[in-house]
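# Fold and geometry: a report
Read off the chains here:
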Amino acid sequence: MRLGIILACWLCSCLACAAPLRVGLENHDYYPYYSAVEGKPLDGYCIALLHAFAKHAGLELELRPQPVNRLYRSMLVEQNIDLLFPDNSEWGREAKAGQQLHYSSPVALIVDGSLVRREQLGQGQAAIKQLGVVRGFTAQAWLPALATGQVKLVEVQDIQSLIHMLERGRIDAIYANPQVVRHHLRLLGIDEQRLQLDPQLPLINTSFHLSSYKHPELITGFDRFLVEEAGTLRALRQQYGLP
């Protein structure tokens, strides 16, 4: 079955096929994966991939960056977005309130880990009392320690704020993707080796997915696109320096 047939139900319901596909994005700079910051052009591998999907399927996209904590409300309650990206079945369980979402195959496989100052490398989990994370993100690998109160979660608006806090000793580690942190270190003019991923601290292999509450046919079509356009996606990964 061709992608266009898979998406026929959607296309026929879109005001004579004129309504754009509304995609909710996390409004963060998580480059090279995605950057959706107010006042700056949308950029990154995942943004390019979404545009490639729309072109392949003959759809128009309306990308709507929103705070992480608002995205699930927009999809599940207000229902003013059709798709959400990035998402993962393990994220935002409380915000989803038991609602069943449909998830695509993985769009990107990533490592989320704990970065510390170079001189703190190898001190172990007992040295971490305050863990920094971007507000709304799930520190999945640290959930057991957070549940017992051994570690306090410190949420701030963006990665660069976390970097400054770690540099000043206000937190003990950052939980994020190392490639994203290195990108922001370069932007700040800080030696990329200043903050390092500590393999002795919790980390997790996770993945980005496209999700939808009411449109499983879009997810089916997107999954087929990932297979049919595998060569295009490899080229995009190379363009953005991703494995």
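Our subject is the structure that appears above.
Read on for a plain summary of the structure. All values derive from a computational prediction rather than experimental measurement. Per chain, the residues get numbers from 1 upward, laid out in the order the sequence is written. For a predicted model such as this one, the threshold for reporting local features is a pLDDT of at least 70, and the threshold for listing and counting side-chain atom pairs is 80 or more; totals across whole chains, interfaces and linings nevertheless cover every residue. The side-chain quantities take in all heavy atoms of the structure and omit both hydrogens and water.

## Let's talk about the packing of helix α3 (residues 45-57) against helix α9 (residues 216-228)
We count it as follows: Here the axes come from fitting lines to C-alpha atoms, over the contacting stretch only for helices, and the angles between their N-to-C directions go from 0 to 180 degrees. Strands are runs of DSSP state E lasting at least 2 residues, helices are runs of H or I lasting at least 4, and numbering of each runs from the N terminus. By definition in this entry, angles of less than 35 degrees are roughly parallel, angles greater than 145 are roughly antiparallel, angles of 65 to 115 are roughly perpendicular, and the rest are oblique. Working rule for contacts: check all heavy atoms of both residues, and any pair within 4.5 Å makes them a contact. When residues are grouped by polarity, Ala, Val, Leu, Ile, Met, Phe, Trp, Tyr, Cys and Pro land in nonpolar, Asp, Glu, Lys and Arg in charged, and all others, Gly among them, in polar.
Between α3 and α9, the least distance of the axes is 10 Å, while the angle of their chain directions is 100°. The orientation of α3 with respect to α9, classified from their angle, is roughly perpendicular. Note on element contacts: α9 touches α3 through Leu-218, Gly-221, Phe-222, Phe-225, Leu-226 and Glu-228, opposite Leu-49, Ala-52, Phe-53 and His-56. Its residues assigned to classes, the contact of α3 with α9 comprises seven nonpolar, two polar and one charged.

## Observations concerning the packing of aromatic side chains
Going by this rule: Ring pairs shown here join Phe, Tyr and Trp side chains whose ring centres sit within 6.5 Å, with only the six-membered ring taken for Trp; geometry is labelled stacked below 30 degrees between planes, edge-to-face above 60, and tilted in between. Exposed residues in this analysis have more than 50% of their type's maximum accessible area, buried residues have under 20%, and partly exposed residues fall in between, with area computed by a 1.4 Å probe over protein chains only.
Scanning the model with the defined rule gives eleven aromatic pairs in all. For the ring pair Phe-53 and Phe-225, a centre distance of 5.5 Å and an interplane angle of 55° mean the geometry is tilted. Of this pair, Phe-53 sits in helix α3 while Phe-225 sits in helix α9, placing them 172 residues apart in sequence. Both residues of the pair, Phe-53 and Phe-225, belong to the buried class. Between the aromatic rings of Trp-91 and Phe-208, the centroid separation amounts to 5.9 Å while the plane-to-plane angle is 80°, which identifies the pairing as edge-to-face.

## Focus: unusual backbone geometry
With an omega of 15°, the peptide bond running from Tyr-31 to Pro-32 counts as cis. Relative to the helices and strands, Pro-32 is located in the loop between β2 (29-30) and β3 (34-35). Note the cis peptide between Phe-85 and Pro-86, where omega equals -10°. Considering the arrangement of structural elements, one finds Pro-86 in strand β5 (residues 83-87). With a phi angle near 50°, Gln-79 is a residue other than glycine that sits in the positive phi range. Turning to its location among the elements, Gln-79 is positioned in the loop between α4 (68-76) and β5.

## Topic: the side chain of Gln-66
By secondary structure assignment, the location of Gln-66 is in strand β4 (residues 61-66). Apart from the residues within four sequence positions on either side, Gln-66 is in contact with Leu-25, Glu-26, Asn-27, Leu-71, Ser-74, Asn-80 and Ile-81.

## Quick word on the side chain of Asp-112
Inclusion rule: We treat Lys and Arg as the positive residues and Asp and Glu as the negative residues; His and chain ends play no part in the count. For this analysis, a salt bridge means a side-chain nitrogen from Lys or Arg found within 4 Å of a carboxyl oxygen belonging to Asp or Glu.
Following the sequence through the fold, Asp-112 ends up in strand β7 (residues 108-117). For Asp-112, which is buried and forms no salt bridge, the nearest opposite charge comes from Arg-182, at a distance of 11 Å.

## What about the pattern of salt bridges?
Under the defined criterion, the tally for this structure stands at twelve salt bridges. A salt bridge links Asp-191 to Arg-118, with the nearest nitrogen and oxygen atoms 3.7 Å apart. Separated by 73 residues along the polypeptide, Asp-191 in the loop between α8 (178-188) and β11 (195-197) and Arg-118 in the loop between β7 and β8 (130-134) bring together distant segments of the chain. Glu-228 is paired through a salt bridge with Arg-224; the nearest N and O atoms lie 3.8 Å apart. Taken together, the residues span about one helical turn, with Glu-228 and Arg-224 both in helix α9 at a distance of four residues. Taking the relative accessible area as the measure of exposure, Glu-228 reaches 29% and is therefore partly exposed. Look at the salt bridges and you will find they share partners, linking Arg-117, Glu-119, Glu-167 and Arg-194 into a network.

## Quick notes on the packing of α3 against helix α10 (residues 230-239)
Note the following rule: In this scheme, a crossing is called left-handed if the near helix is turned counterclockwise away from the far one by less than a right angle; it is called right-handed if the turn is clockwise.
For the pair α3 and α10, interaxial distance at closest approach is 10 Å and the crossing angle is 155°. Here α3 is positioned roughly antiparallel relative to α10, judged by the angle of their axes. Read as a crossing pair, α3 and α10 show a hand that is right-handed. For the pair formed by α3 and α10, the contact residues are Tyr-45, Ala-48 and Leu-49 on the first element and Leu-233, Leu-236 and Arg-237 on the second. Split by residue class, the contact of α3 with α10 holds five nonpolar, no polar and one charged.

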